[in-house]
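Chains, contacts and geometry: an overview
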Amino acid sequence: MKWTQERLDGAVAADLAKRYRIDPILSTILAQRGITAPEQLRFYLSPELALLHNPFLFEDMETFCERIQEAIESKEKVRIFGDRDVDGITSTVLMKTELERLGLDCSYALPENDEPYGLTMEGVKAAKDAGASLLITVDCGISSIEEIKYAASLGMDTLVCDHHLSGEAMPPARCMINPKAEGCGYPFPHLAACGVVAKCIWALRLSMTELYNEPIILLHLVQKNDVIVIEAAKLENLALIDRIVEEVVPGVMKASDSRALGFIGSSAPVAVLDADYEKDMLRKAFGKSIEINLIDLRPEFEKYMPIVENATLFSLSLKSKASRFAKVKSELDTLISMFSAYARFKYPQLGDGYADILDLVAIGTISDLMPLEDENRVLVRIGLEKLEKGTRASMQPFMLKLGLAGKRLASTDIGWQIAPCINASGRLGNPRIACEMLLADSQPAAEDGANRLIMLNKERKRLSEDVWDRLLPKAKHSYELFGTKLVVLQEDSVPRGIAGVMANRLMKQFNAPSIVITATTEGVHSGSMRSFGDINTRDFLMKYSDLFMDFGGHKYAGGFSIQDGNLGELLARISEDADYMDCPEQEDETIIVDAVVPPERLTPDLMKTVELFEPYGEKNPPLVFLARNARIEQTQILRAQKGPAGHLRLTISHGEYQWPAVYWNSAGKLGDEFSEGDIVDVAFHLGKNSFRNQESLQLTVIGINRVRP
């Protein structure tokens with residue numbers, strides 16, 4: 001086992017430790033992972049709702065809100081179209097729950113059995129026949145060009161809420177909320193579909209308040225030596241639209257020449273924290289004749305934020321979390337943050353009430369393997385807290401049956417237990433079971449749904465193993481046939497719902513992009529592809545788009561539908577192209593170490609650093625520590641239930657502490673690579689082990705090297 005630590009500029013880590021008053025090991029890890037910019041650090045050191053990007057940065061968000069308001073006023077029927085996976089199911093539940101809360105008659109449709117993914121002509125017709133006049137797609141729709149045209153021809157508007165990559169042509173929807181769409185205006189492209197829906201929900205809730213589409217200018221003046229600095233910012237729907245800074249020498253500049261006065265002299269109201277102070281400063285800058293009507297925010301702020309009482313903006317800035325991470329400290333930024341916080345307190349549906357929906361956002365985001373960086377860290381972290389508290393009644397029986405109720409949750413609990421059960425319903429052709437469990441409004445219905453999901457997951461596991469045993473020999477043949485660059489299997493006996501699972505497993509088994517094609521409806525086949533590295537799934541499939549009925553997906557996961565008559569040509573063209581593919585060679589695993597932990601620092605307090613980096617997942621792997629010259633005190637072989645391999649239970653000492661440790665699938669290394677009593681270098685994860693409702697700290701070893709004398 002090899003490990004390496006990227007070359008680190010110690011000055012960067014030292015500067016982080018000093019500037020943010022953090023532990024040296026923490027600053028080393030942050031620097032090691034390239035998390036050094038203030039706007040990045042906040043998502044790790046101070047994750048909170050205030051960090052979420054404003055949904056009205058989406059170019060089409062106002063159109064979305066106004067079309068929903070039209071539907072409410074006209075009492076229209078709405079049909080939601082989702083997908084059968086966890087992200088699609090959670091997105092559907094979130095959207096349906098919110099629209100019904102607003103009083104809309106709302107139904108949903110998910111692809112069942114062998115029905116194709118996304119919006120279909122049949123689905124559009126069924127929605128029309130049911131009386132729907134507004135269609136909303138969640139986790140689909142970006143490629144449904146003809147279907148949305150058809151809906152328009154029937155007099156129905158379509159709102160697309162998706163996160164998949166688009167093709168060259170865009171659907172003719174009334175609006176499109178997709179962070180990956182070119183020109184969408186949103187700064188973070190990696191939201192899951194449930195995250196996109198959560199953005200729509202927040203925007204809808206704000207659109208029901210007096211803040212909606214009402215611009216406001218926030219103003220602050222401060223004197224620095226002989227200069228008065230004027231700062232102003234224009235907000236609309238709590239989003240920063242524009243700002244200005246101007247320095248004025250008192251008595252020198254005419255009011256008519258001031259850019260700042262021109263900025264604040266627009267039709268928008270001007271608000272300040274202390275009106276008397278700001279008026280005095282304006283008069284000092286431009287003379288006593290200057291008159292600007294100012295709204296004093298202090299009385300309103302003090303109703304909801306006691307910290308504001310008797311405090312100046314300067315003193316509040318010193319306490320502000322936002323200013324701690326600002327590149328350039330500005331008291332106006334504190335005022336902007338306070339105004340947004342005031343809105344969340346005044347309208348709880350934008351603050352604490354909004355946080356209650358993030359449990360499902362956490363589940364969908366982790367399940368869809370979205371990068372856990374930027375605002376996804378906030379969405380998932382708060383969502384995990386809500387799951388722990390059991391704020392969603394329909395989830396409580398499910399969590400209890402999984403043994404997760406009352407437990408401190410990590411992203412692995414979603415990835416290994418919660419998501420597979422929800423996914424099982426879609427993979428086995430009935431996503432409605434999971435959807436109805438999450439929508440359940442009674443304890444018996446929630447319990448029944450939980451039982452059915454857990455049984456379906458057991459069936460999914462059994463089915464997957466049976467299919468895998470049949471596929472593996474054929475996959476080996478395909479791997480050789482395609483020059484060890486690709487695995488392509490056409491196997492009609494594979495249930496469509498687990499084709500993606502099989503493609504992913506084959507990709508890992510052979511270290512090559514993999515495609516599994518199976519039969520769906522008569523005369524139609526469906527394919528699932530998984531890839532990695534530089535091989536973009538969508539770009540790969542695009543080369544054969546002339547053969548597909550439809551296709552789509554993410555960078556590393558995609559799918560397509562194809563008529564039987566085109567299948568032979570597809571396989572032939574892929575075979576020809578495989579000769580020119582460049583797949584990475586399988587390399588020996590090299591562990592990237594985040595920090596070397598000296599003996600005096602390997603204490604239970606290190607767990608605080610581990611927890612700070614939760615949630616772990618895509619783009620944020622678990623921390624890897626290295627202990628040099630540790631000692632293996634005890635060893636015990638734990639036989640695996642299947643096969644000859646076994647696991648190791650170890651006791652490792654380093655400094656004052658002796659640590660229980662596990663080393664999976666490594667019994668064969670004992671006596672060969674290391675022995676009891678050896679001095680070793682150990683690479684490990686630090687985590688918690690739960691046994692009989694008792695938690696203890698434990699090392700999970702990922703590599704051991706004997707130290708040669």
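Description of the structure in this document.

Conventions used here
- Residues numbered from 1 in each chain as written.
- Predicted model: local features only at pLDDT ≥ 70, side-chain atom pairs only at ≥ 80, totals over all residues.
- Heavy atoms only, no water.
- Helix = DSSP H or I, 4+ residues; strand = E, 2+ residues; numbered from the N terminus.
- Rg over C-alpha atoms; globule rule 2.2 N^0.38 Å.
- Buried < 20%, exposed > 50% of the residue type's maximum accessible area, 1.4 Å probe, protein only.
- Contact = heavy atoms within 4.5 Å.
- Pairing = 2+ DSSP bridges.
- Axes fitted to C-alpha atoms, helices over the stretch in contact; angles between N-to-C directions.
- Parallel < 35°, antiparallel > 145°, perpendicular 65-115°, else oblique.
- Left-handed = near helix turned anticlockwise from the far one by under 90°.
- Nonpolar A, V, L, I, M, F, W, Y, C, P; charged D, E, K, R; others polar.
- Core = buried A, V, L, I, M, F, W, Y, C linked by side-chain atoms within 4.5 Å.

**Concerning the overall build of the protein chain**
Counting its secondary structure elements, the protein chain contains 25 helices and 23 strands. In summary, the protein chain has a C-alpha radius of gyration of 29 Å against a globular reference of 27 Å for 709 residues, a match within 12%. When its C-alpha atoms are laid out on the principal axes, the protein chain stretches across 90 × 75 × 55 Å. The proportion of buried residues among the 709 residues of the protein chain is 53%. Of the contacts formed within the protein chain by residues at least 6 apart in sequence, a portion of 66% connects residues at least 24 apart.

**Here we look at the environment of Asp280**
Mapped onto the secondary structure, Asp280 falls in helix H10 (residues 275–286). Using a relative accessible area of 47% as the deciding quantity, one classes Asp280 as partly exposed. Remark: the alpha-carbon pair of Asp280 and Ile290, spanning 10 residues in sequence, is separated by 9.9 Å.

**Thoughts on the sheet that holds strand S16 (residues 557–563)**
Strand order in the open sheet made by the five strands is S12-S13-S14-S16-S15, with mixed pairing throughout. Sheet topology places strand S12 (487–490) and strand S15 (548–553) at the edges, where each strand pairs with a single neighbour. Across this sheet, the average inter-strand angle for adjacent strands is 15°, counted without regard to direction. Bridge count for strand S14 (residues 524–530) against S16 is seven bridges, and the pairing is antiparallel. Across the sheet, residue Ser526 finds its bridge partner in S16, namely Ser561. Seen against the sheet, helix H24 (residues 564–578) touches S12, strand S13 (514–519), S14, S15 and S16 and runs at an angle of roughly 130° to S16.

**Points about the packing of helix H21 (residues 443–481) against helix H22 (residues 496–510)**
In a packed pair of helices, the relevant descriptors are the angle between the two axes and the axis-to-axis distance. Interaxial distance between H21 and H22 falls to 10 Å at its minimum, and their mutual angle equals 50°. Viewed along their axes, H21 and H22 adopt a mutual orientation that is oblique. As H21 runs across H22, the sense of the crossing is right-handed. Here Arg460, Leu463, Ser464, Glu465, Val467, Trp468, Leu471, Leu472, Ala475, Lys476 and Tyr479 of H21 come into contact with H22, specifically with Ile498, Met502, Arg505, Leu506, Gln509 and Phe510. When grouped by side-chain class, the residues that make up the contact of H21 with H22 number 11 nonpolar, two polar and four charged.

**Concerning the sheet that holds strand S6 (residues 175–177)**
Hydrogen bonding along the main chain pairs the strands of a sheet, whether they run parallel or antiparallel. Ordered in space as S3-S2-S4-S5-S6, the five strands form an open sheet in which the pairing is parallel. The sheet is open, and its two edges are formed by strand S3 (105–109) and S6, each paired on a single side. Ignoring which end each strand starts from, the neighbouring axes of this sheet average 20° apart. Note: strand S4 (residues 132–138) against strand S5 (residues 157–161), five bridges, orientation parallel.

**Examining the pairing of strand S7 (residues 216–224)**
Where a strand is regular, its side chains alternate between the two sheet faces. Where burial is concerned, most of S7 is hidden: seven out of the nine residues are buried. The hairpin formed by S7 and strand S8 (residues 227–236) contains two residues between the paired strands, and Asn225 there has a positive phi angle of roughly 60°.

**Observations concerning the nonpolar core**
If you look at the biggest cluster of nonpolar residues, it comprises 168 residues, and the most contacted ones within it are Phe64, Phe398 and Phe625. For this core, the leading source of residues is helix H8 (residues 193–207), giving 10 residues. Excluding its chain neighbours within four sequence positions, the residues that come into contact with Phe625 are Ile25, Ile29, Val593, Ala595, Val597, Leu606, Val610, Val682, Ala683, Phe684 and Leu686. Residues Leu261, Val270, Ala275 and Met281 belong to the second largest nonpolar core, which totals 23 residues.

Any functional reading would require information beyond the geometric quantities listed.
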